[in-house]
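Chain and residue survey
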Amino acid sequence: DGNGWGHVSPAPKVVVNGEYIMGFTSSWRMGQILQYADLPPSKGDYSHRFFCTSWVDAVREGFKKSGYLHKEHERESGGQLLVGGWNFLYRIDDDFHVEGPCQLAACGAEIAARAALYALDDIEDIDDIHTPLSKAIGALRATAKVAGFVHPPFCVVRCSEGQRPYMETFKE
């Protein structure tokens, strides 16, 4: 993990809960809570306002009920995560600040992942490199070479408009 520990968990750092896809950077307990939390349905509202209010309030409550919410000097914190779905992606910081809509990454390997995606944009002679899936897998492979806490198997969650997201695992 990002703290220098050598533990490798088979559990993915991506979970699906209803219409939401969430990637998290903190403990696996955070992911379990997100996977089973009572999150409000969007009813098609994927606005910044919705995520800053109703959605974050539900996550905070889930963390609080599960004993995961950290409180120090009256300041609450949880952990960094991405929440996405069909045509939206937001980054939630550990203080529950909502950033976005955004494009990518919320972990210590963010710079490497961005660099890999940027490099893949310039490659013209690799078959099928410009599909979103092949680009994501290529960026994950490149990031794994320079960030010891990123490793296969890679979990990719796909979603289509009006469909429930589903997860695929790609082994090397």
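That block above? That's the structure.
Residues numbered from 1 in each chain as written. Predicted model: local features only at pLDDT ≥ 70, side-chain atom pairs only at ≥ 80, totals over all residues. Heavy atoms only, no water.

1. What about the overall build of the chain?
Basically, it comes down to this: In this description a helix means any DSSP run of H or I spanning at least four residues, a strand means any run of E spanning at least two, and both kinds are numbered starting from the N terminus. Only protein chains enter the accessibility calculation, which uses a 1.4 Å probe; a residue is then buried when its area is under 20% of its type maximum, exposed when over 50%, and partly exposed in between. Here, two residues are considered to be in contact whenever any of their heavy atoms come within 4.5 Å of each other.
The helix and strand tally for the chain stands at four helices and nine strands. Starting at the N terminus, the α and β elements of the chain follow one another as β-β-α-α-β-β-β-β-β-α-α-β-β. Across the 172 residues of the chain, 38% fall into the buried class. Partitioning the contacts of the chain with sequence separation of at least 6, the portion at a separation of at least 24 is 40%.

2. Re the sheet that holds strand β7 (residues 98-99)
Short version of the rule: Here, a strand pair is defined by DSSP locating no fewer than two bridges between the strands.
Strand order in the open sheet made by the five strands is β1-β2-β5-β6-β7, with antiparallel pairing throughout. In this open sheet, the two edge strands, each paired with only one partner strand, are β1 (14-17) and β7. In this sheet, strand β2 (residues 20-24) lies alongside β1 in antiparallel orientation, the contact comprising four bridges. The partner of N17 across the bridge, within β2, is Y20.

3. Focus: the packing of aromatic side chains
Defined as follows: Stacked, edge-to-face and tilted labels apply to pairs of Phe, Tyr and Trp rings (six-membered ring for Trp) whose centres lie within 6.5 Å, assigned for plane angles under 30 degrees, over 60, and everything in between, in that order. Only when the NZ of Lys or the CZ of Arg is both within 6 Å of the ring centre and within 35 degrees of the ring normal is a charge said to sit over the ring.
Inspection of every chain in the model, using the stated rule, returns ten aromatic pairs. Centroid distance F50 to F51: 5.2 Å. Interplanar angle 85°. Geometry classified as edge-to-face. What makes F50 buried here is its relative accessible area of 7%. Where F51 meets W55, the ring centres are 5.5 Å apart and the plane angle is 50°; that geometry is what we call tilted. Taken as a pair, F51 and W55 lie in helix α2 (residues 48-65) at a separation of four residues, close to a single helical turn. Ring pairs connect the aromatic residues Y20, Y46, F50, F51, W55, F88 and Y90, which therefore count as one cluster. Its guanidinium or amino end placed over the ring of W28, K13 lies 4.3 Å from that ring's centre, counting from NZ or CZ.

4. Brief notes about unusual backbone geometry
It is generally the case that most residues other than glycine have a negative phi and that most peptide bonds are trans. Residue K43 is not a glycine yet carries a positive backbone phi of 55°. One non-glycine residue, F96, adopts positive backbone phi at about 75°. Checked against the element boundaries, F96 lands in the loop between β6 (88-92) and β7.

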